[in-house]
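# Inside the fold
This is what each chain is made of:
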Amino acid sequence: MQGFLLSCLVALATCQSLRYDLSLNPTKTYEYKYEGVVSFGLGIPGLAESGMKIICKARITGTNPQTFLLQISDLALAEYNGFPGKNGYDASPKLTKHIAAQLIKPFAFEYSNGHVGEIHASPEISTTVVNIVRGILSFFQVTVKTTHIIYDLEEIGIHGKCQSSYATEENMETKDMTITQVVDISNCKESTAMYTGMATSVEDKFSKERGESIASSVRYIYTVKPTAEGGLITRAHALEQRHFTPFNVKGGTYKMKATKELVLLGVSDAARAITFGPLESKGNIVYKFGNVDLNTPFMMNKLENPVPKAIELIKSLAEANIYSVDSAATEDSMKLYILMRVIPYEGLETMWKQLAVNPEQRRWFLDATVEIGDTKVLKFFESRFQAGDLDPIEAWQTFLMVIEHLQVTPELVEQAKGFLTMPFSKSDTYLWNTVVLSYGSLVYKHCVYYKLCDVRAVQPLLDMAREALRSGNKEDMILALKALGNAGHPRSIKTIMRFLPGVAATPVDLPLRVQREAVQAMRLIAPKDPHSVQDITLSLFLQKSVPAETRMQAFMILFETKPSMALVSTVTTHLLKEKDLQVASFAYTYLQSFSRSSTPDNHLLSTASSVAVKILAPKYGRLAYHYSKAIRMDWFDDNFLMGTATEIFMLRSGANIIPTEIMSKGKLHIIGRIVQLLELGMYAEGIKELFGTSIPGFKGDFSYSDLKAIVSVLQNWEALPNDKPIFSAHSRVSGQEWFYTDISKELIRNIVMAFSSAAGKASPLWAVMENLQRGTSWHYTRPFLVLEARYFEATTLGLPVEISKYYNSVTGITVNAKASSNPSPTERLGQLLTSDILLETDGFAGVTKDFYIFYGINTDLFQCGFETRNKNPIGVPWKFAAKINIAEKRFELDIPTPKEEVKLFSMRSDVYAVSRNIEELDQAKRTPILPATFDSNEEVVHMDPTAATPELQKILKPNTWHPASKVCTESNVFGVGVCVDYEMKRQFYYEEYPLYYFLGYTSMSLQVVPVQAIKPVDKIHFELNAGSSRHPMSVRQLLETLRRLSKEATERINLFSGSASSARGSSYSQPDILMEGRDSRPEPVFVFKALAMSGNQKPEGYDANLYYTPEENNPNAQLIVSELGVNTNWKMCVDSCVGSHAELKTHVRWGAECQTYEMSMKAAAVPSSNPTLLAKVHWTKIPEYMQEIGTRVESYIPGVAFLLGFYQENERNAEQELSSSVSVSSADSIDVKIKFPEYTIYRKAISFPVPSGSYQHKTNATLE
């Protein structure tokens, strides 16, 4: 009995001494089997997938209580690429050998209380291999708590510092503990996620409320055996699932599944100490990124010995793209960019010395350097600026892109400051502007990636602005403010305020241009420091003494801060008291536009604006079109998580007849980000003074007389002041201003003098003419990586998953030309106006564009995942001879007929499952996601990835779509045709909308093809003659002449029977009468011919003649098109006349002698208190194909009309007739009614600003 009790006490003591908290015994050796698998698919059988498998043994041995060695052995890697059920994993022995050579060396790591500390490895071990080791060791990064069954912790892991949720369960029989850990990797405080190339795209947090484009989950399951030393992991399993789509994850996704498993094989006593060489710290368990710029996701290249490879590529690209743009140029240029990134500074200098002497190679080299993006490219251009061996145009074009694609580390920002003090930077106005503006952009991107953005980065621009203000230099003020606007640094607000009236500490009286730039300089500060910007802009807007243009600019920037409901209410209250109608109209229309906004970022602002519009509408809802306006149009689709927005601003001041400022800008909303597109702005500084408050003879109906009145005023441009620009313009891309210019009076004068007919040999056009007479050639090629946007995140395997988008293009233009004139000018360019000019030219203009989307694993050693490739070559070759006589208004063009097919446009797109590794580049696998053939009737089993039982399976039938067509229109007269062909292949499930729209093969092209002609055609001849020997004769004049000639002819015939002397004495003879009758026929005012020329044979083709008879109240025109050739009588006759009260009638007949088909059209404007525009189309007989097209179009009308807010009435209207009416119902709305033969659609009060005199306010700009 005592023995039994003693045994129980020993067992109890033993149980109490067992521990679950993880630890490793330094005197033991642990051997595990590890297997990690990552795969990419769509979760649908029958579609291609790719993946990678890693299998090895891991041995852990202690060196001291807190330091252990990890040794990897029996490594095996295998790739998967193909279709499930048809293909398996293929071993990659060469890749295995490459990685095993690094893994054979031991790794040391610190370990205590279930947490992995610093990891050490040999210096030569690559970051990729260390990360694979992190994937193995992350199994040992787990916190065990025996006092809680469920607990949450924020802890360090391979994904960063993330929230983990634990659940524990003890097996009462084996005493093993099962631990389930779920890691929230979507909201890590310190995430391993990394973005590149998206600094200027603003994150849209509100769009996440509509849906996500990425969804991720990570789960670990451990089996822990308790021991006296601590818990021992006997088995562990991890599952990471990621879902990605360019759209909303609710509508189908690409799926990544990463699993790894660790199984304990045995524990033994450590045999002997392991010797190893020097080790260095590789960081902790958190994933570390290497140089991702060298790992292009859609290609792999060996980068050793890069200088000779890059030189050879540049030479081949320069040679291959002179006379056309090679379709492979985009891929080769990407290879060149990657090589340039690994070339050291000395290599760049070597390449420059070798390539700079050849213009083509020089240009390719400079364009390739912009993609380097690190310190050596800045050092290289420092050398070029110091040596001055770039011309200004080369310098500013290249430097602009160098800074645009530069990494934004603090060191590089500091290095870039040096360009602001280089003398060469100031040697050219546009170069200096580019250097300063580009530096501002660099500061902005630096502050995006480094939240604690030191004011020292923007200090040179602040100093520049203060010095310009002190010296009173307006041009320097404008440049400095534009650069500060690009930088968008919150610490620059105090400096900007010094330039603004009413808010500056010291009163300032600066030109309107400077005030405008100061306000615009806050546009990128607004999202960062909205409260400060709101205080300034609201103060400016409310001050009546501030110029109206500045107040409207302030209102624009105020709404960039997304003001609250309370602030919008404050603005609304003040607008009710506003007396300046220009300001009121601008603010009201901007609020009105926001009230209709559907983009996520304006959700709250739209609500506030709707309330404001309802309050302001009774007072400002009827303002006419000639007041300042702000128009915004946008849309957003929740399924695609995509939308666009366009804003147009038209600012006027006082009673000026023309706008003083016009701006337009666009935005793209895509997968949670807002990308600002192209922005253009024009400012009519001098022109505003030229036009004043009115234009003599300007009626406002935008007729020809209005155009003449405007031209008449513009002819007085010499009266403008010399110290002001006539107008200014700027351009911004992604919110960054990159170019601006002032058009001065001196520039206009130089242009007018250069193009004047009195210009002589001093004119630059004279040199151009002489070059053309000798024969000239010009060639331009530009590779351009438009977009390189990448997103990286670690996976549980220690491999990086990447989502990237690339847009690369190569543009080429080649022109060869030679000209002659008879007679040649000797003194003045105006002599060319009376000469016959012959121009012969040939050349090519084209561009090849590649767009890639990659989703998968991308390392320097291997890649696997999905890849979308879109290639779009466009090319237009030409060869023609043109004859021109300006005085006679005659133009002739001869084009040779094509001898072979010419592809003008093509587009090919497909989605592939890809697998590549650095050791077997020639065996890279790229499988189209859809099989080569598929059966639409085949039933496919679709299983939810989480399902484990047959009851949860769903039997679905895939939908297949494989349209293909080729349509050609051919002319056997000219021997040429145009063909359009396309082919698409899709296979989808309805639950995968909208992703399946883009999954599959797409191809389309447009070609010009040779056609068998009726008879051989040497060339196609076009002739245009707009010169008439005399003024066109009216119908009344023609009838009166014919009547007089007829009467005289009758009298002569009666007299003919009389005496011979009487007949001989007649003043008219019969030939004279016939000649005068012939000369009295109206001549065409316009003749156009298109003829197929074939040696001495009679040409065939078409002849068009336009006749015009200017009756006093009823001018009319007639167009006759005739087919020329043997046994043909096809004609088209078009009769048009303009009646009184703005009525236009057109009668069209065509076919044999214009008798086969017939239709008529009529349009009229009815002036009244509600002006109305009426239109009617009536057809008597039309061809069958036109009837078919009309029927198809009509079938879509009711649905489209419903979407546009129209109502429909089913009533019988006139047969074979379509009529419509548009009437003005108010100053800003119209009523529309359209009648079809079987129904009528209509809509009333459509918002539309119209120039209706009945509804306009007076033109004074203030409201008393």
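Structure shown above.
Described in the following lines is the structure provided in the data block. As the structure is a computational prediction, the values presented were derived from the model and not from experiment.

Taken as a whole and assessed by the stated rule, the structure comprises 55 salt bridges. Note that K57 and D74 form a salt bridge whose closest N and O atoms lie 3.6 Å from each other. With K57 in strand 2 (residues 49-64) and D74 in strand 3 (residues 67-82), the pair connects residues that are 17 residues apart, well separated along the chain. Notably, a salt bridge pairs D463 with R466, separated by 3.9 Å at the nearest N-O pair. Remark: R466 and D463 occur in helix 12 (residues 459-471); sequence separation between them is 3 residues, near one turn of the helix.

Time to look at the nonpolar core. Across soluble globular proteins, you tend to see nonpolar side chains buried next to one another. Membership of the largest hydrophobic core comes to 102 residues, with the highest contact counts inside it found for M340, M351, F365, F381, F385, L461 and L500. Take this core: its biggest share by element is 9 residues, from helix 11 (residues 429-449). If near-sequence neighbours (up to four positions away) are discounted, L500 is found in contact with V508, Q515, A518, V519, M522, I536 and L540. One finds I44, I136, Y287 and V801 within the second-largest nonpolar core, a separate group that totals 92 residues.

Take the state of the cysteines next. Under the defined criterion, the tally for this structure stands at 4 disulfides. Disulfide partner of C162: C188, at an S-S distance of 1.9 Å. On the sign convention where negative means left-handed, the S-S torsion of about 100 degrees between C162 and C188 marks this disulfide as right-handed. Taken together, the residues span a long stretch of sequence, with C162 in strand 8 (residues 160-170) and C188 in the loop between strand 9 (177-184) and strand 10 (190-191) at a distance of 26 residues. For C162, a relative accessible area of 2% puts it in the buried group. The class for C188 is buried, based on a relative accessible area of 14%. Here C447 is linked by a disulfide to C453, with a sulfur-sulfur distance of 2.0 Å. Of note, the bridge from C447 to C453 carries an S-S torsion of about -45 degrees and is left-handed in sense. Taken as a pair, C447 and C453 share a single burial class, namely buried. Along the protein chain, the cysteines engaged in disulfide bonds are linked according to the scheme 1-2, 3-4, 5-6, 7-8 when indexed in sequence order.

Running from N to C, helix 16 (residues 530-542) and helix 17 (residues 548-560) cross one another at 150 degrees; their axes reach a closest spacing of 8 Å. As far as their axial angle goes, helix 17 and helix 16 are roughly antiparallel. The handedness of the crossing between helix 16 and helix 17 comes out as left-handed. Contacts from V533, Q534, T537, L538, L540 and F541 in helix 16 reach R551, A554, F555, I557 and L558 in helix 17. Across the contact of helix 16 with helix 17, the residue classes tally to 8 nonpolar, 2 polar and 1 charged.

Definitions and limits used
- Residues numbered from 1 in each chain as written.
- Predicted model: local features only at pLDDT ≥ 70, side-chain atom pairs only at ≥ 80, totals over all residues.
- Heavy atoms only, no water.
- Salt bridge = Lys/Arg side-chain N within 4 Å of Asp/Glu carboxyl O.
- Helix = DSSP H or I, 4+ residues; strand = E, 2+ residues; numbered from the N terminus.
- Core = buried A, V, L, I, M, F, W, Y, C linked by side-chain atoms within 4.5 Å.
- Buried < 20%, exposed > 50% of the residue type's maximum accessible area, 1.4 Å probe, protein only.
- Contact = heavy atoms within 4.5 Å.
- Disulfide = S-S within 2.5 Å.
- Axes fitted to C-alpha atoms, helices over the stretch in contact; angles between N-to-C directions.
- Parallel < 35°, antiparallel > 145°, perpendicular 65-115°, else oblique.
- Left-handed = near helix turned anticlockwise from the far one by under 90°.
- Nonpolar A, V, L, I, M, F, W, Y, C, P; charged D, E, K, R; others polar.

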